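In case you want the letters, here they are:
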Amino acid sequence: MKAVVMAGGEGSRLRPITANRPKPLVPIGNQPIMEHILGLLHRHDIDEVVCTLHYLADEIQSYFDDGSDWNMQLDYSVEDTPLGTAGSVKKAEPLLRGGADDGTFVIISGDALTDCDLTKAIEFHKAKKSLATLILYRVESPLEFGVVITDESGRVVRFLEKPSWSEVFSDTVNTGMYILEPEIFDYMEPGRAYDWSQDIFPTLLREGKPMYGYVMEEYWCDVGTLGQYRDAQEHLLSGRTSLPVLGEQVDPGVWLGENCQIDALAQVIPPICIGRNSKIKAHARIGPYTVIGDNCLVEEAANVERSVVWDSTYIGPNVGVHSAIVCSKSTIKRDTVVREDAVVGDRCLIDVGCTIRPRIKLWPDKIIERGSTVTMSLVWGNKWRGTLFRELGVAGLSNLEITPEFATRLGSAFGSTLPEGSTVITARDSTRSSRMIKRAAMASLLSVGCDVLDMRSTAVPIARHFIKASGAAGALNVRKLPGNSRVTLIELFDARGAYLTKNLERKVETHFFREDFHRTDPDDLGSIEFASRAIEEYQSDFFKVLGPSIGGRRTRMVCDYGFGAISSIFPAMLGRIGAESISINGYNDAKRAPRSEPEVTAHLENLRQIVGTLGYDMGVLFTDEGERLSLVDDKGRTIAGATLLALLCQLVARTHAGATIGLSVTAPSRLEEILDEESVHVVRTKADTRSLMSTSLDAGVVFAGDERGGFIFPILHPGFDAMLTLAKLVQMLQETGDTISDLVDRLPDFHMAYEQVRCPWEIKGTVMRVISEQSHDAGRVELLDGIKIYNGQGWVLVLPDAVEPVFHVYAESECDDSSYAMVGDYVRRIEELQAGS
């Protein structure tokens, strides 16, 4: 049997340690990852190997040559342009077809560490008579992998590449190792790019071809991040994998290379691995979980613990290297400390008495002057956290996590994804922290060649509208996070005024973490202008959308502006549509804006009393910088949540015949039934805000909304807009002749239940897999967002949070008791799975 070793990746997430070498040549236990893989193949009697190469291909060919040193036959297939995971194998087809063996072959990654029992996997493949067998593995966090679901026989029934938490239906993932029959080549044409997970395997699934998943029990690590790289070293040394450790084991957990010298006064704490010709001097302390490469010198009283030191490196007297990575040919002089998760690239020189702070990355060939404390990476910045974006954007504690330094990096990353000379709109709320962060971001946008059109303090709906009106390429808005006044939120919008797509967010994250910023020529720096007519343009389009006034009874209302920016413009706009309004809290002060649930409740209670005293038709509370609203009717009832959503949906249905309305998966099914009776088409979306906004643009909807007071009329812009919502509400009430209280009285009761349950990140995937398996016989199941299970009583939705270690459990039935019982049942299941893990 032959094997294909995929060795074309550049390992961009491992930079800077992959800046000068391809990921397959990165050492684990002083052996390149690919050398471990070739040894594994050889132990399973697979000695004919084809290596597919792209990034730094010459380095790999030079190291392994023809494979004779490993008693193997190696051939190489080099891609000039990337052809994808499957297209690269198609290019190597002549090398696989040649020779006596023209049958089953194995594909294995050359940059992931594993001791998979390939013999057992191949026996499974042949027993199932499979065309393609995917070797699977169970992981704690499946987000960076392809999730695979198999039936009882092992046949693949569903898979999804790199899901979000709401799409995680299992913790069983694709390892990138496959066992294939040569007929697989019939599904590809030479010279075209193909991907196994996105092109070939979906085709096999559609055609019903035999495709199975083999769940391996041995060790596998993707080595996709620097943290995983160090973890893999520890796993190798601690015996979690059966792969051999290079060197002679002179004591339990102590492996030494040839001609290695350790002074009798040095302290060695297992497990450790020290390479050939290395020298450890007196009073040095090495270990535990430490790997030191060939030809290294560790001076007196140095301390190297839980770290990886590559070959030909000098560690000076009294140097401390703690949980760090030091690459080849680097020099670290005396009294220097390299802190946790730091990375020192190839050939760096760190002079006497320096401190390298945690998580700092030094790219190759950097010089650190004597006595320096390095607080930012050179030339690239330190990694702040694993993922930037939450549901609405980038959020963190004001001036602690979201700092001016952070904002400049984020602004540079965002601007680097746009063409040079693009215009970016900036806006904020009225808090001082938001002003500070926005100005830092503005400076960084100028530095990457973007022009800035600054709106200063403005409402979010006006900012969204102005993006399209001005022809800008995007926008950056800074405000306090809805619901938490201590957290700053930075929102990034595209040219349509919508949130960035997931692909664009990943591009921003790539630029951010790699610090791959475009730096424009000083003569071409961007310029700043102030947006002078944004409000006038919004008002003009606002009234065009509304059309001529219908007339009728003048609506009287009390408006609580919640200290928002719309208070300065909206009262006059209400007058133009024939509404009589009284304003309270009508000045811009974001620090006093109601954000938490108790604050909102207090404002609504105050509003209820004023409406009742004056005998007005309604009260309105505006929140979230003009995005959301809640109502009080003429009977003093608070109208919010599903009731407010149903009220607006019913009015839209009656005034827009045959309309399409967008609702999230958490909206009541009873509401959908009512709209169906009105001949309204309902489009369901994921529960998050961005999905609702995306659907409002792409699915041709007239109206979309959620159960938290956010409503979209995409004819004006794709975001929530409380001003337009209220104006449309008044207009539709005038057209139908109804009052809010009459409409609410005619609405059915919605028996909804909700509970949030905490769950550690490492078992969220397991929980989703088990619930998915348990739901097979429960009735109809939807997997649009989380797992939505229908039964005779109603439905229950189990939705993992994308940001926090929690699950959201929703239910709807014919009565409150039944809904809460269904929620309680699944909350108990989740808690039992945690207890048993």
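Peer 1: When you look at the overall build of the chain in this model, what are you seeing that I'm missing?
Peer 2: Each helix and strand counted, the chain has 21 helices and 55 strands in total. Within the chain, contacts between residues separated by at least 24 positions form 58% of all contacts whose residues are at least 6 apart in sequence. Within the chain, the 117 negative side-chain charges are centred at a point lying 5 Å from the centre of the 86 positive side-chain charges.

Peer 1: Sorry if this is basic, but what is going on with the sheet that holds strand S43 (residues 579–584) here?
Peer 2: Strand pairing in a sheet is mediated by backbone hydrogen bonds. Such pairs are either parallel or antiparallel. Spatially, S43-S42-S44-S45-S46 is the arrangement adopted by the 5 strands of the open sheet, whose pairing is mixed. With one partner strand each, in any of the chains shown, S43 and strand S46 (638–639) form the two edges of the open sheet. With 2 bridges joining them, strand S45 (residues 628–633) and S46 adopt antiparallel strand pairing. The partner of Leu631 across the bridge, within S46, is Ile639. Of the strands in this sheet, strand S42 (555–560), S43, strand S44 (618–623), S45 and S46 touch helix H14 (residues 597–614), which is tilted by about 155° from S44. The strands that helix H18 (residues 722–736) touches are S42, S44 and S45; relative to S44, the one it contacts most, it runs at about 160°.

Peer 1: Before we go on, may I ask you to explain helix H2 (residues 57–64) in this structure?
Peer 2: Helical geometry note: an α-helix holds 3.6 residues per turn, so side chains three or four residues apart project in the same direction. Buried within H2 we find Ala57, Ile60 and Phe64. Looking straight down H2, one finds that the buried residues subtend no more than 70° of arc, so they occupy a single side. In H2, the exposed residues that point more than 90 degrees away from the buried face are Asp58 and Ser62. Looking at the buried positions of H2, the neighbouring elements they touch are strand S1 (2–7), helix H1 (33–43), strand S4 (48–53) and strand S5 (73–78). Phi turns positive one or two residues past the end of H2, at Asp65, with a value near 50°.

Peer 1: Looking at this model, I keep getting lost on the pattern of salt bridges. Mind explaining?
Peer 2: Where side chains of opposite charge bring their charged atoms close, a pairing between them can arise. Enumeration over the complete set of coordinates arrives at 36 salt bridges. Among the ionic pairs, Asp738 bridges to Arg654, the shortest N-O distance being 2.8 Å. In this pair, Asp738 sits in the loop between H18 and helix H19 (740–746) while Arg654 sits in helix H15 (residues 641–655), placing the two residues 84 residues apart along the sequence. Of the charged contacts, one joins Arg708 and Asp706 as a salt bridge, the two residues approaching to 3.7 Å between their closest N and O atoms.

Peer 1: What is the right way to read the pairing of strand S40 (residues 484–493) from this model?
Peer 2: Side-chain direction in a regular strand flips from residue to residue, so the side chains alternate between the two faces of the sheet. Among the 10 residues of S40, 7 are classified as buried, and the element is accordingly described as predominantly covered. Across 4 bridges, the pairing between strand S36 (residues 394–397) and S40 is antiparallel. Note on S40: the bridge partner recorded for Ala395 is Leu489. Across 7 bridges, the pairing between strand S39 (residues 474–481) and S40 is antiparallel. Residue pairing across strands places Leu481 opposite Asn484, the latter belonging to S40. As consecutive antiparallel partners, S39 and S40 are separated by 2 residues, and within that stretch Gly483 has a phi angle of approximately 95°, a positive value.

Peer 1: What's the story with the sheet that holds strand S47 (residues 660–664) in this structure? I'm lost.
Peer 2: One open sheet accounts for 4 strands, arranged S48-S47-S49-S50; its pairing is mixed. Only two strands of the sheet have a single partner each, and these edge strands are strand S48 (681–685) and strand S50 (711–712). The pairing of S47 with S48 spans 5 bridges and is parallel. Counterpart to Thr660 in the pairing with S48 is His681. Where H15 meets the sheet, its contacts fall on S47, strand S49 (703–705) and S50, and the angle it forms with S49 comes to roughly 175°. Strands in contact with helix H17 (residues 689–698) are S47, S48, S49 and S50; relative to S48, the strand with the most contacts, it is inclined by about 140°.

Peer 1: Honestly, the nonpolar core in this entry has me stumped. Any pointers?
Peer 2: The nonpolar side chains of soluble globular proteins are, as a tendency, buried together. Phe542, Phe622 and Leu726 are the most contacted members of the largest nonpolar core, which totals 84 residues. Not counting residues within four places of it along the chain, the set of residues in contact with Leu726 comprises Met557, Cys559, Phe570, Leu574, Met618, Val620, Phe622 and Leu629. Judged by nonpolar contacts, the second largest core, of 37 residues, contains Met34, Met72, Ala112 and Ile122.

Peer 1: Explain the side chain of Asp617 to me, please; I cannot follow it from the model alone.
Peer 2: Within the secondary structure layout, Asp617 lies in the loop between H14 and S44. For Asp617, the contacting residues outside a window of four places in its chain are Arg553, Arg554, Thr555, Arg556, Val632, Asp633 and Asp634.

Peer 1: Would you mind showing me how to read unusual backbone geometry here?
Peer 2: Working note: non-glycine residues mostly have negative phi, and peptide bonds are mostly trans. Of the consecutive residues Arg15 and Pro16, the connecting peptide bond is found in the cis state with omega at 15°. With respect to the helices and strands, the residue Pro16 is situated in the loop between S1 and strand S2 (27–28). A cis amide bond, omega -5°, links Pro270 with the succeeding residue Pro271. As for its position among the elements, Pro271 is in the loop between strand S17 (267–268) and strand S18 (272–274). Phi at Asn295 is positive, roughly 60°, even though this residue is not glycine.

Peer 1: What is the right way to read the packing of aromatic side chains from this model?
Peer 2: How two aromatic rings sit relative to each other is given by the distance of their centres and the angle of their planes. By the definition in use, this model includes 22 aromatic pairs. Taking 4.8 Å as the distance between ring centres and 70° as the angle between the ring planes, the aromatic pair formed by Tyr63 and Phe64 counts as edge-to-face. Three or more aromatic residues joined by ring pairs form one cluster here, namely Tyr538, Phe542, Phe543, Tyr561, Phe570 and Phe622. In this structure, Arg409 is placed above the aromatic ring of Phe512, and the distance from its NZ or CZ to the ring centre is 4.3 Å.

Peer 1: What am I meant to see in a negative patch on the surface here?
Peer 2: A cluster of acidic residues, Glu420, Asp521, Asp523 and Asp524, forms a negative patch on the protein surface. Assessed through its relative accessible area of 45%, Glu420 is described here as partly exposed.

Peer 1: So what exactly am I meant to see when it comes to the environment of Gly794 here?
Peer 2: Within the secondary structure layout, Gly794 lies in the loop between strand S53 (787–790) and strand S54 (795–800). For the pair Gly794 and Pro358, spaced 436 residues apart in sequence, the C-alpha to C-alpha distance is 51 Å. Excluding its chain neighbours within four sequence positions, the residues that come into contact with Gly794 are Ile789, Glu812 and Ser813.

Peer 1: Which parts of the structure should I look at to understand the environment of Gly87?
Peer 2: When you line up the elements, Gly87 lands in helix H3 (residues 84–91). By relative accessible area, Gly87 is classed as buried at 2%. The sequence separation of Gly87 and Ala193 amounts to 106 residues, and the corresponding C-alpha distance is 4.9 Å. With sequence-adjacent residues up to four places away left out, Gly87 is seen in contact with Met188, Arg192 and Tyr194.

What counts and what doesn't
- Residues numbered from 1 in each chain as written.
- Predicted model: local features only at pLDDT ≥ 70, side-chain atom pairs only at ≥ 80, totals over all residues.
- Heavy atoms only, no water.
- Helix = DSSP H or I, 4+ residues; strand = E, 2+ residues; numbered from the N terminus.
- Contact = heavy atoms within 4.5 Å.
- Lys, Arg positive; Asp, Glu negative; His and termini not counted.
- Charge placed at Lys NZ, Arg CZ, Asp CG, Glu CD.
- Pairing = 2+ DSSP bridges.
- Axes fitted to C-alpha atoms, helices over the stretch in contact; angles between N-to-C directions.
- Buried < 20%, exposed > 50% of the residue type's maximum accessible area, 1.4 Å probe, protein only.
- Arc of directions from axis to C-beta.
- Salt bridge = Lys/Arg side-chain N within 4 Å of Asp/Glu carboxyl O.
- Core = buried A, V, L, I, M, F, W, Y, C linked by side-chain atoms within 4.5 Å.
- Phe/Tyr/Trp six-rings, centres within 6.5 Å; stacked < 30°, edge-to-face > 60°.
- Lys NZ or Arg CZ within 6 Å of the ring centre and 35° of its normal.
- Patch = residues over 30% accessible without salt bridge, like charges linked within 9 Å, V, L, I, M, F, W, Y side chains within 5 Å.
- Areas by Shrake-Rupley, 256 points an atom, 1.4 Å probe, with all protein chains shown as cover.

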